Amino acid sequence: MRQVSWVDRGQSVSFEKADDGPRPACVGVARLGSLQTSGTVFTIWLQLRGSAWIESKEGKFRLRQREWIAFEKESRPLIQAGRDGICVGVSLDADALRMLGTLDCNVFTGRGRMSLGEARLALRLWREAQEPGGTIHQLRPLLLHLASLQRELLGNVQRCPGRSRIRKRQVFGRMQRARMYLEGNSHRVVRIGELAELTNFSSWYLSKTFQSLYEESPQSLSARLRLERAAMLLRDTDMMIGEVASASGFDNCCSFARAFRARFGTSATRYRDTPEALKPDSAKSKDGSGKTKAAVRT
């Protein structure tokens, strides 16, 4: 196993341009460092401290402490650590993915949170995977742990159309990527055609499968994510209401005001004054139950 590649203190490294033999499986980015990954590996990133920004083909994401995020090969994520951020990652080539398959495990595009214990175990296994003189099998404990972080996603694989497990996993992976695209572009309206092109499915098949899997249409999820972005901007910034509306993909303040009131039951101005009592989690779900719909988180 090659030694870890560590990018720190404002350094910038691009694996896309490097051509010096096999690249390390374990990588780390810290304290304003940035790393551009190649388009030949599946990558999983774990934020251990602070925060990081990630730009990929699916959009832009902020990774906070004890969150994980995974990207397909074609995504080519660029990771930029915050001033006090520490983010570690694992790049999985074809051999590593095949090894996961032999263990009857899979990893998918998506994002989620880790408990403190899960984060500590991940860091320990990440360090052990770097021991010199090792082989690809040295990654096995870490890969199994990373797969376990996605255990909440596994139940949804069986809900995907397909006659074989391989086909179901393929469909689920593409649906997860479409969901990630919506999250990464919560600043604008996303067209169904964009998702269809990303997943290589027809617009009809994509919409039907997405609705069946997540119990929410792509359009509905896009609108909800944009409103949740608007709520975050109202809580965390001093932007004017019109600026928040524009930054959340709304053409004008009137349409934004109607959509925001329908989602949160109050005006954007009042929400800014009392954000703790009116967070997105307290908003009514589509079924009117008073609880936020338990959609699978990517």
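Up top is the structure.
The structure displayed is predicted, hence computed values, not measured ones.

Trainee: Go over the overall build of the protein with me, naming the residues and quoting the values.
Mentor: The number of helices and strands found in the protein is eleven helices and eleven strands. In the protein, buried positions account for 48% of the 298 residues. Relative to all contacts within the protein whose residues are 6 or more apart in sequence, the contacts with residues 24 or more apart total 63%. For the protein, the accessible area works out to roughly 14,800 Å², and carbon and sulfur atoms hold 49% of it.

Trainee: Quick rundown of the packing of helix α8 (residues 218-236) against helix α10 (residues 253-264)? Include the residues and the values.
Mentor: Viewed as axis vectors pointing N to C, α8 and α10 meet at an angle of 90 degrees, and their least axial separation amounts to 10 Å. The angle between α8 and α10 falls in the class roughly perpendicular. Taking contact as the criterion, the partners of R224, L227, E228, A230, A231 and L234 in α8 are, on α10, F256, A259, F260, R263 and F264. Residue classes in the contact of α8 with α10 are distributed as eight nonpolar, no polar and three charged.

Trainee: Which residues make up the pairing of strand β9 (residues 78-81), and what are the values?
Mentor: Along β9, the buried face is formed by I79 and A81; none of L78 and Q80, which line the opposite face, is buried. Across three bridges, strand β4 (residues 34-36) lies against β9 in antiparallel orientation. When the bridges of β9 are listed, Q36 appears paired with L78. Bridging between strand β6 (residues 51-56) and β9 involves four bridges; their strand directions are antiparallel. The residue of β9 that forms the bridge with I54 is I79.

Trainee: Explain the nonpolar core to me, and be specific about the residues and the numbers.
Mentor: Core analysis: the biggest nonpolar cluster contains 49 residues, and L46, L92, L139 and L143 have the highest contact counts within it. Beyond its immediate stretch of four places on either side in the chain, L46 contacts E67, W68, I86, C87, V88, M114, A122, L146 and L149. Membership of the second largest hydrophobic core comes to 15 residues, among which are I54, F61, I69 and F71.

Trainee: Tell me about the layout of surface pockets, and name the residues and values.
Mentor: Here the second largest pocket defines a volume of roughly 610 Å³. Contributions of two or more residues to the lining of the second largest pocket are made by α1 (94-102), α5 (165-184) and α6 (192-199). It is α5 that provides the largest number of residues to the lining of the second largest pocket, a total of six residues.

Trainee: Account for the sheet that holds strand β1 (residues 5-7), naming residues and giving values.
Mentor: The mixed open sheet is built from six strands, whose spatial order is β1-β3-β10-β5-β8-β11. Two strands close off the open sheet at either side, each with one partner strand: β1 and β11 (110-113). Each adjacent strand pair in this sheet contributes to an overall mean axis angle of 15 degrees, direction not counted. Bridge count between strand β3 (residues 26-30) and strand β10 (residues 86-92): five bridges; the pairing is antiparallel. Looking across to β10, one finds that V29 is bridged to C87. In this fold helix α3 (residues 140-149) packs onto β5 (42-49), β8 (67-71) and β10, with an angle of close to 105 degrees to the strand it touches most, β10.

Trainee: Lay out the packing of helix α2 (residues 116-128) against α3 with the relevant residues and their values.
Mentor: Where α2 contacts α3, the axes come no closer than 9 Å and their chain directions differ by 155 degrees. In terms of orientation, α2 and α3 fall into the roughly antiparallel class. Considering only the axes of α2 and α3, their crossing is left-handed. Where α2 abuts α3, its residues E118, L121, A122, L125 and W126 lie against P141, L142, H145 and L149. For the contact of α2 with α3, a count of residues per class yields seven nonpolar, one polar and one charged.

Trainee: Now, about the packing of aromatic side chains: what can you tell me, with residues and values included?
Mentor: In the structure shown here, the tally under the stated rule is ten aromatic pairs. Seen in terms of ring centroids, F201 and Y205 are 4.9 Å apart; in terms of plane orientation they differ by 50 degrees. Their pairing is tilted. Their ring planes at 85 degrees and their centres at 5.4 Å tell us that F260 and Y271 sit as a pair that is edge-to-face. Here the residue F260 occupies a position in helix α10, and Y271 occupies one in helix α11 (residues 268-273), the gap between them amounting to eleven residues. By the burial criterion, F260 is buried, and Y271 matches it. An aromatic cluster is built from F250, F256, F260, F264 and Y271, whose rings are joined through pairwise contacts. The aromatic ring of Y214 is capped on one face by R179, whose charged end is 4.8 Å from the ring centroid. One Lys or Arg, R263, reaches over the ring of F264 and ends 5.7 Å from the middle of that ring.

About the cut-offs
- Residues numbered from 1 in each chain as written.
- Predicted model: local features only at pLDDT ≥ 70, side-chain atom pairs only at ≥ 80, totals over all residues.
- Heavy atoms only, no water.
- Helix = DSSP H or I, 4+ residues; strand = E, 2+ residues; numbered from the N terminus.
- Buried < 20%, exposed > 50% of the residue type's maximum accessible area, 1.4 Å probe, protein only.
- Contact = heavy atoms within 4.5 Å.
- Areas by Shrake-Rupley, 256 points an atom, 1.4 Å probe, with all protein chains shown as cover.
- Axes fitted to C-alpha atoms, helices over the stretch in contact; angles between N-to-C directions.
- Parallel < 35°, antiparallel > 145°, perpendicular 65-115°, else oblique.
- Nonpolar A, V, L, I, M, F, W, Y, C, P; charged D, E, K, R; others polar.
- Pairing = 2+ DSSP bridges.
- Core = buried A, V, L, I, M, F, W, Y, C linked by side-chain atoms within 4.5 Å.
- 1 Å grid on protein atoms, 1.4 Å probe; cavity = no way out; pocket = protein on both sides within 12 Å on 5 of 7 lines; lining within 4 Å.
- Points joined across faces, edges and corners; volume = space filled by probe spheres on them.
- Left-handed = near helix turned anticlockwise from the far one by under 90°.
- Phe/Tyr/Trp six-rings, centres within 6.5 Å; stacked < 30°, edge-to-face > 60°.
- Lys NZ or Arg CZ within 6 Å of the ring centre and 35° of its normal.

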